[in-house]
Amino acid sequence: MSANENEKERGPDEIQVEPSTTVEEPKRKREYKDFGHEKEEATHAKVDMATIELTAEDLYDKEKVDLETIVIDDVFKLLQCTEEGLPSAEADRRLELFGPNKLESEEQNALLQFLSFMWNPLSWVMEAAALVAIALSNGQGMPPDWPDFVGIVLLLFVNSAIGFYEERNAGNAVKALMESLAPKAKVRRDGSWKEIESSILVPGDMVAFKIGDIVPADCRLTEAINVSIDQAALTGESLPITKKAGDQCFSGSTCKQGEAEGVVISTGANTFFGRAASLVGQDDDTTGHLQKILAQIGTFCLVTIGTFVLAEIFCLYAGFRYQYRRGLDNILVLLIGGIPIAMPTVLSVTLAVGAQQLAKYKAIVTRITAIEELAGVTILCSDKTGTLTTNKLTIDRNTVKCYGPFSAEDVILLAAYASRTENQDAIDLATVTALGDPARARAGITLLDFKPFNPVDKRTEITYREESSGKLKRVTKGMTGIIIELCTRNKTDELENRLEADVEEYASRGLRALAVAFEEVDGNDFEAEGNGFELIGLLSIFDPPRDDTKQTIDDAQALGVKVKMVTGDQLAIAKETGRRLGMGDHMYPAKVLKDGPAPGSKHVNLDHMIMDADGFAGVFPEHKYEIVKRLQGLGHLCAMTGDGANDAPALSRANVGIAVEGATDAARGAADIVLTEPGLSTIVHAIRQSRIIFQRMRNYSIYACAVTIRIVVCFAILAFAYKLDFPPFMILVVALLNDGTIMTLSVDRVLPSNTPDSWDLAEIFAYAIAYGLYLSASTIALVCAILETTFFQDKFGVRLSGDVARPNDPQLHMIIYLQVAIISQALIFVTRAHGFFFMERPSAALFIAFCLAQLISSIIAAYGDWGFSKVEGISGGWIGIVWVWNIVWFLPLDFVKFAMKATVIKYLRKRHERQLARDVAGGVPLTRTQSRAASINESLYSNRVSFLKRAARKVGFGRVSVHVKPEELQRFSSIQAQKVGQTLARNPSRT
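Note that this is a predicted model, so its numbers are computed, not measured.

### Digging into the overall build of the chain
Turning to step 1, where the next piece is worked out: Scanning the chain from terminus to terminus reveals 34 helices and 22 strands.
Turning to step 2, where the next piece is worked out: Looking at the chain as a whole, 56% of its 991 residues are labelled buried.
Turning to step 3, where the next piece is worked out: In the chain, the proportion of contacts linking residues at least 24 apart, taken out of those at least 6 apart, comes to 75%.
Turning to step 4, where the next piece is worked out: Entry remark: accessible area of the chain is about 41500 Å², with carbon and sulfur atoms responsible for 56%.

Structure below.
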């Protein structure tokens, strides 16, 4: 009896029981719930396929071609090919026509890539300063300011070279990762089978694959022998799909059973992976979260500098009647000293070092600024199949149901007998693996006959001789509805009711049922009928969570990161997985994303429902993308993990996309972090590491903004008060030494926070203003003490170059240089510590770099008789005075920090909390960040270490949404075939 006949059902209303009659009505045929998909019968096209000229409208006109059910013969006509394959000449022609069977990445010009690091507003100011030094300063009989020009250009090139080096390294690492999943393919060319590079497959090629092979291109099957295809990477379903002749298979899916031949209908960017890639990189023209922060910090510095430059122009030229060249030098001091030119490079190096540290945990970072965004991630959206779970079917030993005298162990053992031990499908492998020792599946028995699973019988069967007793026995396992019909020995209404209840329980928990039956065979003829099958047990099959997944989720939640499951699998399976992982089972089907919350539900709107849910099931690529987009719109930084092509759009949209081990090319290309070993524990390491890196970047940002304030305010006031003309070249020296020291912040010793980090720029600017004004006061006070008093001369016997202290004395310039260089760098020890600076030990690299820089500064101060820069070396007495002066002023800096925390910072945080409370109460979404979208100003700070080209954005058939229901996959394959047919019709063969 066929499976279709077995599954006919009469409804309960159709069955009438009349006690008065002896005629027994036939019993209701039971239907046991299982997972599967209905398929339509194929039909022919309703027009002449040889003459049709398809347009975009024709593709969807079912009066011409029913795209969902086009038969394989019409595919051959459209593709102008036969089962004998293509001639080599025609294949070469089509390769030129359709391109290689891979996703191409655009190569970047190395020179333009290097110069791009000089293209942002911070660099523009430095470049403008260089032009001022070489062009505008050439006047009044004075030559161009070559020393300043060379110093500025050197500073720009050093910073660009570091960033360029890091980017090239990152690009090479990702290029190595993007190797094809199926580098070889078996193809029929010129009438014979051969093995070629899969990248040169073309539509119309005949390909063959078998168990264990990866499908090299999208194809329609012409022959299929017991074929089972794992499409988890496409649909998120954990169970393999049975395929027959005429069905479609997609590039990147894996053959789990059988062998097949098929005709290639689409390659490269036009495959299903290519269509998934049409959503990938929709935000490629925008910038990252870190670039927004750089834009705001850069704007703060530029506004500060611009304000004081304008003040100097009015004061020095209009007020003091400065000559043209003298005023330019003062302006150059503000431009060179105030711009944190090294900021993009320092942050890039800090992130690059973090990426190297993550590599030790087997994680490759493909977008380096994603590390910074990971520190602020508040929600982790995770795919289930292959990410939270192993993507390997397993027998759940704790839920085995027994119906006879056999124990659960006996049921598993007998089921293993009825399984293949070689060339296994997924279910046979799971059953044999459940024994612990696969050898037990054939121990103590002699195999006489074995019937493998086939789509008609839907069961396996073994006949064997038990060596201990010599008896012949038979075991079968398979679909519940099929097995129960065979069980003539113990089939009763009571048993069927119990079995039906057990199957329903399994289905409600997302577990697939596998029935096992047993019978004995009299005599020695293994082909003889047995004494009747007896139902002995029911096994549940599921895709188990990875060993470390629960601990990873617990650790992530302890770090303040909420985990949501977003899967293409069934709702029941998602809920069961959520319960096992402790994530909760408050999950919804994908249709709520379209319909919204039900009337009268506790959810105000769809956004509220998404925030409240533990996960969503049955989602398609656009659903995952929409979920991530909405969470970002609510102000959350969102991370997404996944492994399949259906995850690629959401991986690209998320602030941090994470491709797990074994991920497809589409997923790896869209991800920012690629894991190269199983499990998610690396994500927790990455979160902790990213928060360490975030603290380093925050410390540097406070420092850089404070230095901008201290340089601009200090030298502007000195110019206004004393008409002091400080040499720009010495500011360049200070900047170079500062950059060298600050680079070591990338390995500084800091502690990560226990909650997601965020850039509170108001706090950063408040600290920077306080520190900058305090340091400015230290310099101004020293200059006043030297110019307005004779204290140092009287007490320590030191002298300047002139008899009377003058504001523009070359030795006074050197004293100011040394004082600014020492205390400015020492500030980093205050900004990096939460308490007193001496309570948090810095890294050895930072401390040594600081000491070395101060030694160099002191040597320059002692021996730097550079006439071109208007400075002269000073005595050891002055050097000692500057050091003591700086120590005296440095020690209270911690108290400045504590005072800020107790007043301004406390006020800012309370104001932020009040605003947040008002927003939540009023239903106003948070706006901390929305995605990688940015203004033109922010995009100018784009760090090109971050972005590598994803897949081609415009591929396939315009902007058609990707759906991955089986019927939609079939529809898509038909569209592919006809698209190729159109191209071939426009480009006929010349032979």
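### Observations regarding helix α26 (residues 728-742)
Turning to step 1, where the next piece is worked out: Relative to the 21 Å expected for 15 residues at 1.5 Å per residue, α26 spans 21 Å between its end C-alpha atoms, a close match to the ideal helical length.
Turning to step 2, where the next piece is worked out: Of all 15 residues in α26, 13 are buried, a share of seventy percent or more.

### A look at the packing of helix α27 (residues 761-788) against helix α31 (residues 876-890)
Turning to step 1, where the next piece is worked out: At a minimum axis distance of 11 Å, the contact between α27 and α31 shows a crossing angle of 140°. Accordingly, the angle class assigned to the pair α27 and α31 is oblique. Read as a crossing pair, α27 and α31 show a hand that is right-handed. Across the interface between the two elements, Tyr774, Ala777, Ser778, Ala781, Leu782 and Ile786 from α27 touch Trp878, Trp885 and Trp889 from α31.
Turning to step 2, where the next piece is worked out: Tallied by class, the residues present in the contact of α27 with α31 amount to eight nonpolar, one polar and no charged.

### Regarding the UniProt feature "transmembrane region" (unreviewed entry) in the chain
Turning to step 1, where the next piece is worked out: Mapped onto this structure's residue numbering, the UniProt feature "transmembrane region" (unreviewed entry) falls at residues 117-137, 149-165, 297-319, 331-353, 700-722, 768-792, 843-864 and 876-900.
Turning to step 2, where the next piece is worked out: As a span, residues 768-792 carries 92% helix and 0% strand, and end to end its C-alpha atoms are 31 Å apart.
Turning to step 3, where the next piece is worked out: This span, residues 843-864, is 91% helix and 0% strand, and a straight line between its end C-alpha atoms measures 31 Å.

### As for the pattern of salt bridges
Turning to step 1, where the next piece is worked out: Following the criterion strictly, the structure yields 36 salt bridges and no others.
Turning to step 2, where the next piece is worked out: Linking Glu409 and Arg397 is a salt bridge whose minimum nitrogen-to-oxygen distance equals 2.0 Å. Separated by 12 residues along the polypeptide, Glu409 in helix α14 (residues 408-417) and Arg397 in the loop between β10 (394-395) and β11 (401-402) bring together distant segments of the chain.
Turning to step 3, where the next piece is worked out: Among the ionic pairs, Arg474 bridges to Glu519, the shortest N-O distance being 2.7 Å. Placement of Arg474 in strand β14 (residues 472-478) and of Glu519 in strand β15 (residues 512-521) is noted, with a sequence separation of 45 residues between them. Across the pair, Glu519 and Arg474 agree in class, each one buried.

### Here's the deal with the nonpolar core
Soluble globular proteins tend to bury their nonpolar side chains together.
Turning to step 1, where the next piece is worked out: Within the largest apolar cluster, 153 residues are counted, with the highest numbers of intra-cluster contacts made by Tyr700, Phe715, Phe726, Tyr771, Phe792, Tyr817 and Trp878.
Turning to step 2, where the next piece is worked out: Looking at this core, the element that brings in the most residues is helix α25 (residues 681-722), giving 22 residues.
Turning to step 3, where the next piece is worked out: Contact partners of Tyr771, with chain neighbours within four places excluded, come to Ile702, Ala706, Leu827, Val830, Thr831, Leu893, Val896 and Lys897.

### Regarding the packing of aromatic side chains
Turning to step 1, where the next piece is worked out: Considering all chains together, one arrives at 25 aromatic pairs under this definition.
Turning to step 2, where the next piece is worked out: Here the aromatic rings of Phe791 and Phe792 are separated by 5.4 Å at their centres, their planes lie at 75°, and the arrangement is edge-to-face.
Turning to step 3, where the next piece is worked out: Centroid distance Phe837 to Phe890: 4.9 Å. Interplanar angle 70°. Geometry classified as edge-to-face. Of this pair, Phe837 sits in the loop between α29 (810-831) and α30 (844-863) while Phe890 sits in helix α31, and the two are 53 residues apart along the sequence.
Turning to step 4, where the next piece is worked out: One aromatic cluster is present, formed by Tyr774, Phe791, Phe792, Phe796, Trp878, Trp885 and Trp889 through successive ring pairs.
Turning to step 5, where the next piece is worked out: The ring of Tyr322 has Arg326 lying over it, and the distance from NZ or CZ to the ring centre is 4.0 Å.

### Considering the sheet that holds strand β17 (residues 562-566)
Turning to step 1, where the next piece is worked out: Reading across from one edge, β8-β22-β21-β20-β9-β17-β19-β18 is the order of the eight strands in this open sheet, with mixed pairing throughout. Taken across any chain shown, the strands that pair with only one partner, and hence form the sheet edges, are β8 (363-365) and β18 (587-589). The sheet shows a mean angle of 20° between the axes of neighbouring strands, direction not considered.
Turning to step 2, where the next piece is worked out: In the sheet, β8 pairs with strand β22 (residues 673-675) via three bridges, with the strands oriented antiparallel. Residue pairing in the sheet places Ala363 in a bridge with Leu675 of β22.

### Here we look at a positive patch on the surface
Turning to step 1, where the next piece is worked out: A cluster of basic side chains, namely Lys906, Lys910, Arg911, Arg914 and Arg918, defines a positive patch on the protein surface.
Turning to step 2, where the next piece is worked out: The residue Arg911 is located in helix α32 (residues 893-922) in this model.
Turning to step 3, where the next piece is worked out: Looking at Arg911, the relative accessible area reads 42%, which means it is partly exposed.

### Here's the deal with the environment of Arg668
Turning to step 1, where the next piece is worked out: Relative to the assigned elements, Arg668 resides in helix α24 (residues 665-670).
Turning to step 2, where the next piece is worked out: On the accessibility criterion, Arg668 (16% relative accessible area) is buried.

### Looking at the side chain of Thr567
Turning to step 1, where the next piece is worked out: If you trace the backbone, Thr567 turns up in the loop between β17 and α19 (571-581).
Turning to step 2, where the next piece is worked out: Polar contacts involving the side chain of Thr567 include one to the main-chain amide nitrogen of Asp569, which spans 3.0 Å.

### Remarks on the side chain of Asn101
Turning to step 1, where the next piece is worked out: Inspection of the secondary structure puts Asn101 in the loop between α3 (88-98) and α4 (110-115).
Turning to step 2, where the next piece is worked out: For Asn101, a relative accessible area of 8% gives the class buried.
Turning to step 3, where the next piece is worked out: One polar contact links the side chain of Asn101 to the main-chain carbonyl oxygen of Pro216, over a distance of 2.9 Å.
Turning to step 4, where the next piece is worked out: The residues contacting Asn101, other than those within four sequence positions of it, are Ser198, Ser199, Leu201, Pro216, Ala217, Thr267, Gly268 and Thr271.

### Examining a nonpolar patch on the surface
Turning to step 1, where the next piece is worked out: A surface patch of nonpolar side chains, amounting to about 530 Å² of accessible area, comprises Leu852, Leu855, Ile856, Ile859 and Tyr863.
Turning to step 2, where the next piece is worked out: If you trace the backbone, Tyr863 turns up in helix α30.
Turning to step 3, where the next piece is worked out: For Tyr863, a relative accessible area of 67% gives the class exposed.

### Examining unusual backbone geometry
Turning to step 1, where the next piece is worked out: Positive phi is not limited to glycine here, since Gln80 has a value of about 55°.
Turning to step 2, where the next piece is worked out: Note on placement: Gln80 falls in the loop between α2 (72-79) and α3.
Turning to step 3, where the next piece is worked out: Judged by its relative accessible area of 40%, Gln80 is partly exposed.
Turning to step 4, where the next piece is worked out: Residues other than glycine seldom take positive phi values, yet Arg321 does so here, at roughly 55°.
Turning to step 5, where the next piece is worked out: Among the secondary structure elements, Arg321 is positioned in the loop between α9 (289-319) and α10 (324-338).
Turning to step 6, where the next piece is worked out: Of the residues examined, Arg321 reaches a relative accessible area of 66% and is grouped as exposed.

### Observations regarding the pairing of strand β1 (residues 184-189)
Turning to step 1, where the next piece is worked out: Relative to strand β2 (residues 192-197), β1 runs antiparallel, the two being bridged by six bridges. Bridge pairing in β2 places Lys184 opposite Glu197.
Turning to step 2, where the next piece is worked out: With antiparallel pairing between neighbouring strands as the criterion, β1 and β2 make up a hairpin whose turn holds two residues, including Asp190 at a positive phi of roughly 55°.
Turning to step 3, where the next piece is worked out: Bridge count for β1 against strand β3 (residues 206-210) is three bridges, and the pairing is antiparallel. Looking at the pairing, Val187 lines up with Val207 of β3.

### Considerations on α30
Turning to step 1, where the next piece is worked out: Taking 1.5 Å as the rise per residue, α30 with 20 residues should run 28 Å; its terminal C-alpha atoms sit 28 Å apart, in good agreement.
Turning to step 2, where the next piece is worked out: Along α30, the positions that sit buried rather than exposed are Leu846, Ala849, Phe850, Ala853, Gln854, Ser857, Ser858, Ile860 and Ala861.
Turning to step 3, where the next piece is worked out: Contacts made by the buried residues of α30 are with α26, α29 and α31.

So, how was this worked out
Residues numbered from 1 in each chain as written. Predicted model: local features only at pLDDT ≥ 70, side-chain atom pairs only at ≥ 80, totals over all residues. Heavy atoms only, no water. Helix = DSSP H or I, 4+ residues; strand = E, 2+ residues; numbered from the N terminus. Buried < 20%, exposed > 50% of the residue type's maximum accessible area, 1.4 Å probe, protein only. Contact = heavy atoms within 4.5 Å. Areas by Shrake-Rupley, 256 points an atom, 1.4 Å probe, with all protein chains shown as cover. Expected span 1.5 Å × (residues − 1). Axes fitted to C-alpha atoms, helices over the stretch in contact; angles between N-to-C directions. Parallel < 35°, antiparallel > 145°, perpendicular 65-115°, else oblique. Left-handed = near helix turned anticlockwise from the far one by under 90°. Nonpolar A, V, L, I, M, F, W, Y, C, P; charged D, E, K, R; others polar. UniProt positions renumbered as here; feature names shortened; annotations may be inferred. Salt bridge = Lys/Arg side-chain N within 4 Å of Asp/Glu carboxyl O. Core = buried A, V, L, I, M, F, W, Y, C linked by side-chain atoms within 4.5 Å. Phe/Tyr/Trp six-rings, centres within 6.5 Å; stacked < 30°, edge-to-face > 60°. Lys NZ or Arg CZ within 6 Å of the ring centre and 35° of its normal. Pairing = 2+ DSSP bridges. Patch = residues over 30% accessible without salt bridge, like charges linked within 9 Å, V, L, I, M, F, W, Y side chains within 5 Å. Lys, Arg positive; Asp, Glu negative; His and termini not counted. Charge placed at Lys NZ, Arg CZ, Asp CG, Glu CD. Polar contact = N/O pair within 3.5 Å; in protein donor to acceptor, adjacent residues only side chain to side chain.

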